[in-house]
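# Per-entry structural report
Take a look at the letters that make up each chain.
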Amino acid sequence: MTAENTELQDGTSRLAELVDLATPFAVRTAVALRLPELIRDGYTTTAALATESGSDPASLTRLLNHLVKVGVFAESEPGRHGLTPVSRALLDERNALLRSWLDADGPGLTMDLAYSGMPHSVRTGEPAYPVVHGADFWSDYRADEALRRFFGTTMAGFAWQTGPEVATRWDWGSVSSVLDVGGGTGSLLAAVLTAHPHLTGAVLDLPEVRPEAEKLLIGSGLKDRAEFLGGSFFAPVPPGYDVVLVSRVLTDWPDADAREILGRCAEAAGESGRLLVVEVLAGAEHAKNNSSFDLQSLTLLGGRERGPEDFDELASGAGLVRRDRLDGANGLVVLEYTRE
């Protein structure tokens, strides 16, 4: 075989892997059927798995054949299955958010199907979710409780990862009150207030989020120091707080909307208040493990990843200037802005 033919064969084989859609849907189906849990619990034969998962035995056999081939499960003998490092990783509670996202019966699949409209996004710079689903993501978010709870849980998981650093490494000593704009269920606010008993605060988000947010704040022992405010960051934001915090929100929006959000936050902060932008930046490790996030932000929401200089430019358009920067682990950055 010539070098040219070898290169073509290798390239064709790699291309086949890149465009394979059966595998990601097969993995999502396995999660929806709870096959990793069932195998872990001793239901290892195809017949037992079919009974426990409510599946057609012949069709399940075909699914398992493929999942064995790609390394999700092992097959010690025909019709008897075991776990592999991949399926054990799925079962690890540290991957609970990932497992939830990969459930074919859950909202994560609905969100990821926006990728099928990627040509529209690349051609127009606009989100593909409305083209695929007939309504924009935020309309579905407000109307669909399951989607709202799923998205809120996902964002809360991110907040619990970054919250401890924001709470302990930024100087909150001179602050008495904080408003978390677009803070979802209040996970980040809870982390900050829990670490600093002298603080009071509020989280501002869409009114539909109130039940989950109040449950989290009360459960965190913050009933007397934190409240939920129903509203929108595209409307006037309540003033009177020493610090206005906007965390992992701007990435969800195109530049014009992100600039408007910062403008509303700047109005609320006033002449003497401070605005904190909390983000997780794309770095080398991020690019290696999750390089598709920027495309997800584009197709799902029309947003984009940005660097500190990009946030500075947006903030400048809102009459703000950066005063400080704190860098944390895993790409965390806290940017402090005040009036010029």
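Coordinates for the structure precede this section.
Anyway, here's the lowdown on the structure attached to this text. (Residues numbered from 1 in each chain as written. Predicted model: local features only at pLDDT ≥ 70, side-chain atom pairs only at ≥ 80, totals over all residues. Heavy atoms only, no water.)

To continue, consider a nonpolar patch on the surface. A contiguous nonpolar surface patch, about 420 Å² in accessible area, is contributed by Leu21, Phe25, Leu113, Val131 and Val132. Looking at where valine 131 falls in the secondary structure, it is placed in helix 10 (residues 129-133). (Patch = residues over 30% accessible without salt bridge, like charges linked within 9 Å, V, L, I, M, F, W, Y side chains within 5 Å. Areas by Shrake-Rupley, 256 points an atom, 1.4 Å probe, with all protein chains shown as cover. Salt bridge = Lys/Arg side-chain N within 4 Å of Asp/Glu carboxyl O. Helix = DSSP H or I, 4+ residues; strand = E, 2+ residues; numbered from the N terminus.)

Another aspect to go through is the layout of surface pockets. If you add up the space inside the second largest pocket, you get close to 510 Å³. Lining the second largest pocket are 30 residues, with Gly182, Gly183, Gly184, Asp205 and Val249 sitting closest to its centre. Looking at which element gives the most residues to the lining of the second largest pocket, the answer is helix 12 (residues 145-169), with 7 residues. Looking at the lining of the second largest pocket residue by residue, the class counts come to 14 nonpolar, 11 polar and 5 charged. (1 Å grid on protein atoms, 1.4 Å probe; cavity = no way out; pocket = protein on both sides within 12 Å on 5 of 7 lines; lining within 4 Å. Points joined across faces, edges and corners; volume = space filled by probe spheres on them. Nonpolar A, V, L, I, M, F, W, Y, C, P; charged D, E, K, R; others polar.)

Once that is clear, we can look at helix 18 (residues 308-317). Among the residues of helix 18, Pro308, Phe311, Leu314 and Ala315 are the ones counted as buried. With its buried residues spanning 120° around the axis, helix 18 presents them on a single face. Across from the buried face of helix 18, at angles greater than 90 degrees, the exposed residues are Glu309, Glu313 and Gly317. Summarising the contacts, the buried residues of helix 18 are in contact with helix 15 (255-269), strand 7 (274-280), strand 8 (320-327) and strand 9 (332-339). With its phi angle positive at about 80°, glycine 319 sits one or two positions after the end of helix 18. (Buried < 20%, exposed > 50% of the residue type's maximum accessible area, 1.4 Å probe, protein only. Arc of directions from axis to C-beta. Contact = heavy atoms within 4.5 Å.)

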